[in-house]
Amino acid sequence: MRKMYMSFAIALLFGLFGSAQIYAATEEKTEVHGRGHHFKHNPEFIKKQAESLGIETEGKDTETIAKEVRETIIKQKAKELGIDSDGKDMDTLAKEVWETEIKKEAKELGITTDGKDLYELAKEVRETQVNKEAKELGISTENKDLHTIAHEVREKRILQAAEKLGIETKNKSSDELFKEIMTNHADKAKELNLFPHKGGKIHFFDKSKEN
């Protein structure tokens, strides 16, 4: 349980959005693979995140900065959702944000929440989101499992974004391209809405499963 909420916190740190995706990442024993995985130990990226949030970085190590960024973003998201953060630790607050986001996404997608626990609801939201994006991108879903569809959605989103930003894509993996986008062109990508955004957070799907 705690792992899921902290995975959600990590996702917020790296600009992700989508509580259902974080549910899936935890359920599949992944660590927000394809986004946070690449930036977790990237001091440059973390420092940029901190500076954009007005956090002082001088004299602090990367782990300390990352912790402050994570806490700041969780508190901001809680405020957006009308959640009181006073007196709550980060695990508790991340849990409330995660639960509220799932219900909000379900409502937006026309999914009923009656009689469903949060994990069941998160799974249904994720499936709906993945198939919706696939349709928007012209990706066929016939005879494909959800993991394969999500992978294709992610690959196409990254390639499209890189091309629009004028990034050379030849001989680069999607992970390499995404790292380059988020490290050097994050503001421009957001400005041009190259990835779906909700609440200012990039909305993405998991790339792969890990055992």
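So, here is what we can say about the structure in this document. What you see is a predicted model, and the numbers here were worked out from it, not measured in a lab.

## Structural notes on the packing of aromatic side chains
Then comes step 1: Here the structure, examined in full by the defined rule, presents one aromatic pair.
Then comes step 2: Pairing tryptophan 98 with tyrosine 119 gives two aromatic rings, centres 5.7 Å apart and planes at 45 degrees, and the pair type is tilted. With tryptophan 98 in helix H6 (residues 90-108) and tyrosine 119 in helix H7 (residues 118-137), the pair connects residues that are 21 residues apart, well separated along the chain.

## Things to note about the packing of helix H8 (residues 146-164) against helix H9 (residues 174-184)
Then comes step 1: Taken N-terminus to C-terminus, the directions of H8 and H9 make an angle of 50 degrees; their axes are 9 Å apart at the nearest point. Judged on the interaxial angle alone, H9 and H8 are oblique. By crossing handedness, the relation of H8 to H9 is classed as left-handed. Along its contact with H8, which presents Arg154, Glu155, Ile158, Ala161 and Ala162, the element H9 presents Ser174, Asp175, Leu177, Phe178 and Ile181.
Then comes step 2: Along the lines of polarity and charge, the residues of the contact of H8 with H9 split into six nonpolar, one polar and three charged.

## A short note on the pattern of salt bridges
Then comes step 1: Applying the stated rule across the entire model yields 14 salt bridges.
Then comes step 2: In this structure, lysine 60 and glutamate 68 form a salt bridge, with 3.0 Å as the shortest nitrogen-oxygen distance.
Then comes step 3: With relative accessibility at 25%, the residue glutamate 68 sits in the partly exposed group.
Then comes step 4: A salt bridge links lysine 172 to glutamate 180; the nearest nitrogen and oxygen atoms lie 3.0 Å apart.
Then comes step 5: Assessed through its relative accessible area of 24%, glutamate 180 is described here as partly exposed.

## Remarks on the nonpolar core
Then comes step 1: Ranked by size, the top nonpolar core spans 12 residues in total: Phe45, Ile158, Ala161, Ala162, Leu165, Ile167, Leu177, Phe178, Ile181, Met182, Ala189 and Leu194.
Then comes step 2: Secondary-structure elements contributing two or more residues to this core are H8 and H9.
Then comes step 3: Sort the elements by how many residues they give to this core and H9 lands first, with four residues.
Then comes step 4: If near-sequence neighbours (up to four positions away) are discounted, leucine 194 is found in contact with Ala161, Lys164, Leu165 and Ala189.

## What about H6?
Then comes step 1: Taking 1.5 Å per residue, 19 residues should reach 27 Å; H6 reaches 26 Å between its end C-alpha atoms and fits that length.
Then comes step 2: Within H6, burial applies to Met90, Leu93, Ala94, Val97, Trp98, Glu99, Glu101, Ile102, Glu105 and Ala106.
Then comes step 3: Capping the start of H6, aspartate 89 holds a side-chain oxygen 3.2 Å from the backbone nitrogen of aspartate 91, two or three residues further along.
Then comes step 4: Two residues or fewer after H6 comes glycine 110, characterised by a positive phi angle close to 75 degrees.

## A few points about the environment of isoleucine 181
Then comes step 1: Within the secondary structure, isoleucine 181 is located in helix H9.
Then comes step 2: Along the backbone, isoleucine 181 and leucine 165 are 16 residues apart, and their C-alpha atoms lie at a distance of 8.3 Å.

Calculation notes
Residues numbered from 1 in each chain as written. Predicted model: local features only at pLDDT ≥ 70, side-chain atom pairs only at ≥ 80, totals over all residues. Heavy atoms only, no water. Phe/Tyr/Trp six-rings, centres within 6.5 Å; stacked < 30°, edge-to-face > 60°. Helix = DSSP H or I, 4+ residues; strand = E, 2+ residues; numbered from the N terminus. Axes fitted to C-alpha atoms, helices over the stretch in contact; angles between N-to-C directions. Parallel < 35°, antiparallel > 145°, perpendicular 65-115°, else oblique. Left-handed = near helix turned anticlockwise from the far one by under 90°. Contact = heavy atoms within 4.5 Å. Nonpolar A, V, L, I, M, F, W, Y, C, P; charged D, E, K, R; others polar. Salt bridge = Lys/Arg side-chain N within 4 Å of Asp/Glu carboxyl O. Buried < 20%, exposed > 50% of the residue type's maximum accessible area, 1.4 Å probe, protein only. Core = buried A, V, L, I, M, F, W, Y, C linked by side-chain atoms within 4.5 Å. Expected span 1.5 Å × (residues − 1). Polar contact = N/O pair within 3.5 Å; in protein donor to acceptor, adjacent residues only side chain to side chain.

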